Amino acid sequence: MPGYHVTTFGCQMNEHDSERMKGMLESLGYEERPARADADLILFNTCSIREKADERFVAHLQEARAIKRRRPETVVGVGGCWAQSVKDEVFRRFPFVDVAFGPGQVHKLAEFLTSDSLTAQGFFEFEGFTGHLPEKRAREFQGWLQISVGCNCRCAYCIVPSTRGREVSRPAAELVAEVRRMASEGVREVTLLGQNVNSYGRDLRPRASFAVLLSAIDAVEGIARIRYTSPHPKDMREDVARAHAELPAVCEHVHLPLQSGSSRILKAMRRTYGRERYLDRVRLIREHVPDVALTTDVIVGFPGETEADFRETLEVVEDVGYDGAFTFIYSPRRGTEAAQLDGRIEHAVAVERMERLVEVVQRRAHERAQRFVGRTLEVLVEGPSRTDPARLRGRTRHNKVVNFAGDARPGDLVEVRIDSATSQTLAGGQMKGGHLSATAFLPSLA
Ligand code: 5AD
Ligand code: SF4
């Protein structure tokens, strides 16, 4: 059997796409090999969101070149957003690459592998959902659901509209059928994926809405948890906030990307909301789900960001009190509007702002996490704890990682009493029949 090895960079959509690549390769008779050096087909699913992502990937690609030098019949393939953003340039810069394809052309990989062409080929049309390909799930109890591809927003900093094309939604009936199939195979938690999930369905005829899709998926038997990423604050409406409150499977967590707390910078970013509108959305969500966990993305050092703008970001982060945040230093991306803007922020200034931001994010997340101490929460078990294999690791509905003493298998839903909380993780012991389980008292082996 020929063997393949896939390395995935970037977001959850890429993780999804890689599972589909693997499913497709296995249906062609390939098997997965744990080491790159043992694979006949070396694949990279790439990301281009920030410059760092590009750099990391190029180092890996050089390793593939070394393997190919030793075994020239090895096929090297590069898919995903980076490949799309540099298109045919890939072959000029990296002549040992045999096939390159964008996120909309994963299915063409099969065509390439079954053809006898020896020349390098590139596939960069926007067509087809990777969600139509067979999948090989990393965990049998967690499934991705690609509800749409592409993005119609024009955020000035973002490369994604150019790498993933215009937004196209998949019909709701097809999605529900896919979730039913996943549930019958043991999936308990499904994560809906799209670049802007809550604009889902506006391109369909008849039109569909994200909130209605949530309720249709909630009704599928066996699905205990529904998550989604990412929504855009401009499209976050009351029907979705209500869905969190009313639909039992929809988790108490919303990732609501802020990007900046300054209305002036938000305007330059073309986010189409200001600080007040964003805070209104937060109030709306909390009105319906008071205990909701909110997480966010923030960019510091966008061109023209003054100290006063940045302080507004700090204020919003302080006021909202996020349960967690991903923080990024602005990175100019080829072909984007912001890459042409004046007012570049010096790197040292951006780093200093980032440090101040992280301090507030962590302090607030730590404070927020204390509300879980003493409570018993439902945890979906993922496997052994990363720091202490004698303990287990799982996630709450709020998307908090919990390390706990107990005995359960991956995929089990268990009750865990929370004893302590940091900004990142919770710790506790499994409950059985209203009491701590016997194993919860065993001393840790670490
Ligand atoms: N520079 C820095 N961060 C960026 N993001 C997107 N584009 C850029 C960029 N050019 C961040 C945004 C987005 C997250 C996925 O990555 O915060 O929400
Ligand atoms: Fe990276 Fe964005 Fe593409 Fe995801 S959609 S792989 S984050 S560039």
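Nothing here was measured: the structure is a model prediction, and the numbers come from that model.

Moving on to the overall build of the chain. Secondary structure summary: the chain contains 13 helices and 20 strands in total. The globule rule puts the C-alpha radius of gyration for 446 residues at 22 Å, and the 23 Å found for the chain is close to it. Across its three principal axes, the chain shows a C-alpha extent of roughly 60 × 55 × 50 Å. Burial statistics for the chain: of 446 residues in total, 56% are counted as buried. For the chain, the proportion of contacts with a sequence separation of at least 24, taken over those separated by at least 6, is 71%. Accessible surface for the chain amounts to roughly 19,400 Å². Of this, 52% is attributable to carbon and sulfur atoms. Charged side chains of the chain number 63 positive and 62 negative; the gap between the two group centres comes to 1 Å.

If you check the shell around ligand 2, you find Cys11, Asn14, Thr46, Cys47, Ser48, Ile49, Cys81, Val160, Arg164 and Gln195 and nothing else. Per-class residue counts for the shell around ligand 2 are 5 nonpolar, 4 polar and 1 charged. Looking at which domains feed residues into the shell around ligand 2, each of domain 1 (3-123) and domain 2 (130-369) gives three or more.

Our focus in this paragraph is the domain arrangement of the chain. According to the domain assignment, the chain consists of domain 1 (3-123), domain 2 (130-369) and domain 3 (373-441). Distance between the C-alpha centres of domain 1 and domain 3: 37 Å.

With that settled, the discussion passes to the sheet that holds strand 11 (residues 225-229). If you walk across this open sheet you meet the 3 strands as 7-10-11, and the pairing is parallel. If you trace the sheet from one side to the other, it starts and ends with strand 7 (142-146) and strand 11, each paired once. In this sheet, adjacent strand axes meet at a mean angle of 25° when their direction is disregarded.

What follows covers the site of ligand 1. In the neighbourhood of ligand 1, the contacting residues comprise Ile49, Arg50, Tyr157, Gln259, Asp297, Ile299, Phe328, Ile329, Tyr330, Ser331 and Arg333. The contact in question runs from a nitrogen atom of ligand 1 to an N or O atom on the backbone of tyrosine 157, over 3.0 Å. A distance of 2.8 Å separates a nitrogen atom of ligand 1 from a polar atom in the backbone of serine 331. Calculation on ligand 1 without its partners gives an accessible area of 400 Å², and the protein chains cover 86% of this total. For the shell around ligand 1, the secondary structure elements donating two or more residues are strand 13 (293-300) and strand 14 (324-329).

The next thing to look at is unusual backbone geometry. Backbone torsion omega between arginine 205 and proline 206 reads -5°, so that peptide bond is classified as cis. Mapped onto the elements, proline 206 comes out in the loop between strand 10 (189-193) and helix 8 (210-218). Cis peptide bonds are those with omega within 30 degrees of zero, and the linkage from threonine 229 to serine 230 qualifies with -10°. One non-glycine residue with positive phi stands out, namely arginine 270, at about 60°. When you line up the elements, arginine 270 lands in the loop between helix 10 (263-268) and helix 11 (275-288). The exposure class of arginine 270 is partly exposed, given its relative accessible area of 44%. The phi angle at threonine 272 is positive, at roughly 65°, despite the residue not being glycine.

Here the focus is the environment of glycine 131. Along the chain, the position of glycine 131 falls in the loop between strand 6 (121-123) and strand 7. Glycine 131 gets classed as buried once you look at its relative accessible area, which sits at 4%. Measuring from C-alpha to C-alpha, the distance between glycine 131 and arginine 170 comes to 9.1 Å, with 39 residues separating the pair along the chain. What glycine 131 contacts, discounting residues up to four positions off in sequence, is His16, Arg20, Gln146, Arg170 and Glu178.

For the rest of this paragraph, the subject is the environment of proline 95. For proline 95, the location among the structural elements is in the loop between helix 4 (89-93) and strand 5 (99-101). Here the alpha-carbon distance between proline 95 and arginine 275, two residues 180 residues apart in the chain, equals 47 Å.

As a further point, take the packing of aromatic side chains. For the structure shown, the criterion picks out 9 aromatic pairs. Here phenylalanine 302 and tyrosine 330 contribute two aromatic rings whose centre-to-centre distance is 5.4 Å and whose plane-to-plane angle is 70°, an arrangement assigned as edge-to-face. Of this pair, phenylalanine 302 sits in the loop between strand 13 and helix 12 (307-320) while tyrosine 330 sits in the loop between strand 14 and helix 13 (347-369); the two residues are 28 residues apart in sequence, bridging distant segments of the chain. For the residue pair phenylalanine 302 and tyrosine 330, the accessibility class agrees, reading buried in each case. An aromatic cluster is defined as three or more aromatic residues linked by ring pairs; in this entry it consists of Phe9, Phe44, Phe57, Trp82, Phe94 and Phe96.

How each quantity is defined
Residues numbered from 1 in each chain as written. Chains lettered and ligands numbered in written order. Predicted model: local features only at pLDDT ≥ 70, side-chain atom pairs only at ≥ 80, totals over all residues. Heavy atoms only, no water. Helix = DSSP H or I, 4+ residues; strand = E, 2+ residues; numbered from the N terminus. Rg over C-alpha atoms; globule rule 2.2 N^0.38 Å. Buried < 20%, exposed > 50% of the residue type's maximum accessible area, 1.4 Å probe, protein only. Contact = heavy atoms within 4.5 Å. Areas by Shrake-Rupley, 256 points an atom, 1.4 Å probe, with all protein chains shown as cover. Lys, Arg positive; Asp, Glu negative; His and termini not counted. Charge placed at Lys NZ, Arg CZ, Asp CG, Glu CD. Near = heavy atom within 4 Å. Nonpolar A, V, L, I, M, F, W, Y, C, P; charged D, E, K, R; others polar. Domains from an automatic or database assignment. Pairing = 2+ DSSP bridges. Axes fitted to C-alpha atoms, helices over the stretch in contact; angles between N-to-C directions. Polar contact = N/O pair within 3.5 Å; in protein donor to acceptor, adjacent residues only side chain to side chain. Phe/Tyr/Trp six-rings, centres within 6.5 Å; stacked < 30°, edge-to-face > 60°.

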